[in-house]
Amino acid sequence: MATEAILSIAVERIGYMLIQEANFFKGVRGQVKRLQRDLKAMQCFWEEVDKKQEEDSRVRNWVSEIREAVYEAEDIIDMFILNAQSMRTYSFPDRAFKRLTNRYKVGKIVEAIQLGLQDISNMSHTEWRKVHDNMSTYLAKEGSQTGVMTVLNLSYSDLPSYLKPCFLHLSLFPEDYVISTRKLFLLWIAEGFVLSEQAGQQSMLVTVEVYLNELVNRNLIQVVRMSVNARVVKCRVHDLVRELAIRKAKGQNFFGTHEIADPLSSSTSNSSLFSSKCRRQSIYSDMERYASIEHSTPYLRSLLFFKLGRETCRISQLDFIGKCFKVFRVLDLEGVKVESLPSIVGKLIHLRYLGLRRTGLKLLPHSIGNLRGLQTLDTNNLKQVPNVIWKIQNMRYLYMEGQEDDILLRIDTLENLQVLSGITFKQWIQNNSIKLTCLGKLKLEGRCELVEGFEFSNSIAKLRSLKSLYLKTSDESSIPSLAMDSCLYLSKLDINGHMQKLPEAFLFPPNLSQLTLEVCRLDCDPMLVLEKLPKLLTLRLRARSYLGREMHASANGFPQLKVLQLFKIKLNIEKGAMPWLMQLQCPFSTRIFGVDKLPNLVEVKLQNDVRSKMLLYYAWSKFYARFRFHKCHLYWYNSWTSNRTGGNEFWLRRKIA
C-alpha cells in the first residue's frame, strides 16, 4: 500500500477509535492522541517522499521503516482494545500492570515514528535535487525490461494516494478472475480505503464506485459487464497489471497468496507459505491444509478464500480463525463449503466484513451479535437469521436473501444501516422503520398474505433516505397495494410478484427513474399508467409482467425514457411517444409497430433461442427490414452465453449523423 495512504488510514482509524472506544484508552489517551498528531504532520509532505522512494534507496529504506512502525502502532492499538475487554476478569494489580505495559509499547512506537520523521526531514535541498535528477537514469534502467511493465510501473507511480491501496488490493484475486463490483466495493470499505473526508456527504458506496471508474479510465481494470445504466457490474485485471500489483503489494507486506501445485508436497514447509508480516492472505487451493497448518501471522487483517473450477472446496473446522487471528477485519468464505461457523467467531471484535454467501451454512451462532464492529454481513439461503443482529450497531450492509424460516428479526436499532437485502415482509412490518434513517436500499421477499397495504406503504414512506426498493413474493399472494408518492428520493423500483393493479401515476415516487416489473400478471395495459411518469428513464417489462397480448404507447407518453426492455408482446408506438428512447431490448418475436418514429433510437438488442447462426442471420434480416434503419452495422455481443435464458444476443446499432 502507498505509505501516504497507510498514514491517512491510520490517522482516521485512530481518531475513530478515540471516539468509539474512549473507555478502553484511559491512561494512554494522551499518547494515542500524540501518535495521531505526529502522523498528521507526516501527511503534509509525504506524497513527495513516497514518489522519491522509487529513485533513492535511502528514502526507500526510511519509508519501509516508517511503514512498519505505523503497522506496529496499528497492531498495538488493536491488541490494546482486545486486551482491555479481557482485563475485566483480572484483579486490579494485574489490570494496572497490563495497562502500563501497553502504554509503554505505544510510547515506543511514537518515538520510532518521530525518529523516522526527523531523519527524512534532515535531508538537505541538495540531496533532494540529486534524487530528482536521477529520474532519467531510473527510466533508462527500466527501459531494458519489458516496455509495457515500464509504462505500467509509471502508471502506478502516477496514481493518487487514495487509489494505490485499491489497486494493490486487486492482487488478492486469482488470475483472470471475474470480480463482482458489489463485493469489491464492500471489501474496499471494510479495509478502510475510503476516508470520511473524501466521501464527504455522499455514501461510501458512491465514493468507491468513483475510485473504480478512475482505475477503469486509467486502463488498470478491465470492464467485463456493464449495466443498462452504464455502471460497471463485473470486472477483471489483466495478467500484466496483476503481476505489477503483486510485486508492489509483496514489497509492502500488503498480502500473500497460497496457490501451490502440489500442496501436500513435503518440500513446501508451512513457514514458507506466507511472510509473518503480511497483512492480507488469499487462498486459492487446498483449504483444509491451510486450516490445519501452524499460522505465524497473528496480526493478519484479511483472509479471502476463492473457489476455482468445479471441484467442491470445503473447510470442516474454522476454530483456528478465532484462535490465531484475533485482529481480523475481513473474512470471506464465499463459495467454500463450511459445515458450521464456530461460536469463537464472536470474539473477533475488529471484524468488519463477513462473507458467507454460497457456503451451505444454514445457521449462524448467536455469538455473532458480539461483533460490534461488523459493517457487512453477506450471506444467503440460511434456515434462519438469529435475532441478535440488532446488537451490531455499526452494521451498514446486511444481505440475507433466501431465509427458510420467517421468524422474528429485529433490525430497527441499526441506525447506520444503508443496505438491507433479504428481510421478509413479515419481519419488516414487525420493526419500526422510522429509526432506519440511513437506509438507502431495501429488498423485501417472502410471503406477504398477512401484510396490510396501508401499514406497508406507511412503513416505506418513513424511509427518508430510500433510493432503491425491491419487492419479491415467493407464493401466490399479491404485493401489498402501494402509495409511495411521499418517497421523494426513491429512484429505483423493482417488483417481482403478482399485483392486483398498478397504482395511479400520481402515487408513484415523484423522482422514479428506473422501474422493473416481472411476474406481476397485470390484466390492464401497464403503458396507460407508466407513460405518465415524468422522470422515468429505464423501464423493464419482463416475463409475465402483463397477461395481455398488446400494449399501446400514446403520443407524448414517456417523455424522458431512454432504455426499454420488453418480453414477447405486440407494442404500438404513436408518433411523439418515447422521443428520447435510445436503447431497445426485446426477443426477436416481439412485434413493434412505429419504431421508425423513434428519432433517437441508437441500439436494438435482440434475444433468441435459435442455435444456428444461419437461422439467426435469417431472423435478423427480417427484423432489420422491419426497423428500416439506415447507416447500420451488425455485430455479435457474447452470443450463445450472454443472456439470462441461455439463448443468443446481438445488437443493431444505428449511426445518427
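Within any chain, residue numbers begin from 1 and follow the written order of that chain's sequence. Local features are withheld for residues below a pLDDT of 70 in this predicted model, meaning they are given only at 70 or higher, and side-chain atom pairs are given and counted only at 80 or more; totals for whole chains, interfaces and linings count all residues. Hydrogens and waters are ignored; side-chain quantities use all the structure's heavy atoms.

Draft legend 1. Seen up close, helix 16 (residues 453-461). The set of residues buried in helix 16 consists of Gly-453, Phe-456, Ser-457, Ser-459, Ile-460 and Ala-461. Those residues of helix 16 that are buried lie in contact with helix 15 (425-429), strand 14 (441-446) and strand 15 (468-473). With a 1.4 Å probe rolled over the protein chains alone, any residue whose accessible area is under 20% of its type maximum counts as buried; one over 50% counts as exposed, and the rest are partly exposed. Put simply, DSSP marks the helices as runs of H or I at least four residues long and the strands as runs of E at least two long, and each gets a number from the N terminus on. We call two residues contacting when some pair of their heavy atoms lies within 4.5 Å.

Draft legend 2. Spotlight on a negative patch on the surface. Two distance rules govern patches: like charges are joined within 9 Å, and nonpolar side chains (Val, Leu, Ile, Met, Phe, Trp, Tyr) within 5 Å, applied only to residues with over 30% relative accessible area and no salt bridge. Where accessible areas are quoted, they stem from the Shrake-Rupley method and a 1.4 Å probe; at the residue level, only the protein chains shown are allowed to cover. For salt bridges, the criterion is a side-chain nitrogen of Lys or Arg within 4 Å of an Asp or Glu carboxyl oxygen. Under the convention used here, Asp and Glu are negative, Lys and Arg are positive, and both His and the chain ends fall outside the count. Here the site of a charge means atom NZ of a Lys, CZ of an Arg, CG of an Asp or CD of a Glu. Taken together, Glu-175, Asp-176, Asp-239 and Glu-243 make up a surface patch of like negative charges. A relative accessible area of 33% means that Asp-239 is categorised as partly exposed.

Draft legend 3. Quick look at the packing of helix 9 (residues 181-191) against helix 11 (residues 204-217). An axis is simply a line fitted to the C-alpha atoms; with a helix, the fit covers only the stretch in contact. Between two such axes, the angle follows the N-to-C directions and lies from 0 to 180 degrees. In the contact formed by helix 9 and helix 11, the axes pass within 10 Å of each other and the chain directions differ by 110 degrees. Classified by the interaxial angle, the pair formed by helix 9 and helix 11 is roughly perpendicular. Like other packed secondary-structure pairs, helix 9 and helix 11 cross with a definite hand, here right-handed. Contacts from Thr-181, Leu-184, Phe-185, Leu-186, Trp-188 and Ile-189 of helix 9 reach helix 11 at Met-204, Leu-205, Val-208, Glu-209, Tyr-211, Leu-212 and Leu-215. The scheme is simple: roughly parallel for angles under 35 degrees, roughly antiparallel for over 145, roughly perpendicular for 65 to 115, oblique for anything else. Crossing chirality is assigned from the near helix's rotation relative to the far helix, an anticlockwise turn below a right angle marking it left-handed and a clockwise turn marking it right-handed.

Draft legend 4. Spatial organisation of the pairing of strand 12 (residues 397-401). Burial analysis of strand 12 places five of its five residues in the buried class, which makes it a mostly covered element. Because side chains alternate across strand 12, one face comprises the buried residues Tyr-397, Tyr-399 and Glu-401, and the other comprises Leu-398 and Met-400, equally buried. When DSSP finds at least two bridges between two strands, those strands are taken to pair. Looking at chain direction, strand 11 (residues 376-380) and strand 12 are connected through five bridges and run parallel. Each bridged residue has a counterpart across the sheet, and for Thr-379 the counterpart in strand 12 is Met-400.

Draft legend 5. The arrangement of the sheet that holds strand 2 (residues 222-226) in detail. Strand order in the open sheet formed by three strands is 1-3-2, with antiparallel pairing between adjacent strands. Looking at strand neighbours, the two that pair on one side only are strand 1 (179-180) and strand 2, the edges of this open sheet.

Draft legend 6. Structural detail: the packing of aromatic side chains. Each Phe, Tyr or Trp ring (for Trp, its six-membered ring) is paired with any other whose centre lies within 6.5 Å, and the angle between the two planes then decides the class: stacked below 30 degrees, edge-to-face above 60, tilted in between. Here the structure, examined in full by the defined rule, presents nine aromatic pairs. Plain terms: the ring middles of Tyr-162 and Tyr-211 are 5.1 Å apart, the flat faces sit at 35 degrees to each other, and that makes the pair tilted. One end of the pair, Tyr-162, is in the loop between helix 7 (147-157) and helix 8 (164-169); the other, Tyr-211, is in helix 11, and 49 residues separate them in sequence. Residue classification places Tyr-162 among the partly exposed positions, given a relative accessible area of 25%. Exposure remark for Tyr-211: the relative accessible area of 3% places this residue in the buried category. Aromatic ring contacts, followed pair by pair, group Phe-173, Tyr-177, Tyr-284 and Phe-306 into a single cluster. If you follow Lys-164 out to its NZ or CZ, it ends over the ring of Tyr-156, 5.2 Å from the centre. Only Lys NZ and Arg CZ are tested; either one counts as a charge over a ring when it is within 6 Å of the ring centre and within 35 degrees of the ring normal. Looking at Arg-182, its charged tip hangs above the ring of Tyr-399, at a distance of 4.3 Å from the centre.

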